[in-house]
Amino acid sequence: MDIKCRDIRILVNPNITSEQLWDFYIRNDVCEVGFGKEVAVKPLKHSSLIIGAFNDDKLVGIARAMFDGLSAVIMEFCLERKLQGENLEYSNGSLIEENKFEVGKRMGELLINELRNMGATFISLDIVKDCEERFYKSMGFRENCGHLSYYIDERPYV
């Protein structure tokens, strides 16, 4: 796929088909593939906010958030590996290791602005340590010192 960054459109709550998302996940080695297509595409119907980046009709980035009227949680932020740069350590589209063409930052700024417009006063996310800090700090996120993250993880690909 030849990506021309100047031709990338970033849209709020776009109509993303199951096929577009599944193709993106497969192409970028995103772990949701472990669920199978039917389960992996469910969030398209259940997210409060979706930001999609497109090169022609190809999905090249997706960010999803849940919002309860006050707080928001970014559930997914994925970017086409080719848009991140070269020599990625993990080379997985679900991690944003680099942001060579600033597409991820454009998506993130739109996501944050939309959440603020919806009324979000607290926006959180989980990131991979020693991998994604630089990207998220560039958008104003900071570590929530003193807090621990607890979870139940029953994903099939872990």
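Residues numbered from 1 in each chain as written. Predicted model: local features only at pLDDT ≥ 70, side-chain atom pairs only at ≥ 80, totals over all residues. Heavy atoms only, no water.

Please explain the environment of Ile51 as it appears in this structure.
Tracing the chain through its elements places Ile51 in strand S2 (residues 49-55). Note on Ile51: relative accessible area 0%, which makes it buried. Sequence spacing of Ile51 and Leu111 is 60 residues, and the spatial spacing of their C-alpha atoms is 6.4 Å. (Helix = DSSP H or I, 4+ residues; strand = E, 2+ residues; numbered from the N terminus. Buried < 20%, exposed > 50% of the residue type's maximum accessible area, 1.4 Å probe, protein only.)

What is the right way to read unusual backbone geometry from this model?
Negative phi is the rule for most residues except glycine; trans is the rule for most peptide bonds. We note that Asp29 has phi near 55 degrees; this positive angle belongs to a residue other than glycine. Within the secondary structure layout, Asp29 lies in the loop between helix H1 (18-27) and helix H2 (37-40). A positive phi angle, close to 50 degrees, is found at Asn87, a residue other than glycine.

Explanation requested: the environment of Ser47 in the structure shown.
Inspection of the secondary structure assignment puts Ser47 in the loop between helix H3 (43-46) and S2. Considering only alpha carbons, one finds Ser47 and Asp23, 24 residues apart in sequence, at a separation of 19 Å. Ignoring anything within four residues of it in the chain, the contact list for Ser47 reads Arg64, Ala65 and Met66. Only 2.9 Å separates the side chain of Ser47 from the side chain of Arg64, close enough to count as a polar contact. (Contact = heavy atoms within 4.5 Å. Polar contact = N/O pair within 3.5 Å; in protein donor to acceptor, adjacent residues only side chain to side chain.)

Would you take a moment to explain the sheet that holds strand S1 (residues 8-12) for this structure?
Consider a sheet: its strands pair through backbone hydrogen bonds, and that pairing is either parallel or antiparallel. Across the sheet, five strands lie side by side as S1-S2-S3-S4-S5; this open sheet has mixed pairing. Lying at the two open borders of the sheet, with one neighbouring strand each, are S1 and strand S5 (122-124). Sheet twist, expressed as the average angle between the axes of neighbouring strands with direction ignored, equals 20 degrees. Bridge count between S1 and S2: five bridges; the pairing is antiparallel. Its bridge partner lying in S2, Ile10 is registered against Ala53. Contacts from H1 reach S2, strand S3 (58-67) and strand S4 (71-79), with the element oriented near 105 degrees to S3. Here helix H5 (residues 103-118) sits on the sheet and contacts S1, S2, S3, S4 and S5; the angle it forms with S4, its principal contact strand, is near 160 degrees. (Pairing = 2+ DSSP bridges. Axes fitted to C-alpha atoms, helices over the stretch in contact; angles between N-to-C directions.)

How should a nonpolar patch on the surface be read in this particular structure?
Residues Met66, Val73 and Met75 make up a contiguous nonpolar surface patch of about 240 Å² in total accessible area. Along the polypeptide, Met66 turns up in strand S3. Among the residues examined, Met66 registers a relative accessible area of 32% and is labelled partly exposed. (Patch = residues over 30% accessible without salt bridge, like charges linked within 9 Å, V, L, I, M, F, W, Y side chains within 5 Å. Areas by Shrake-Rupley, 256 points an atom, 1.4 Å probe, with all protein chains shown as cover. Salt bridge = Lys/Arg side-chain N within 4 Å of Asp/Glu carboxyl O.)

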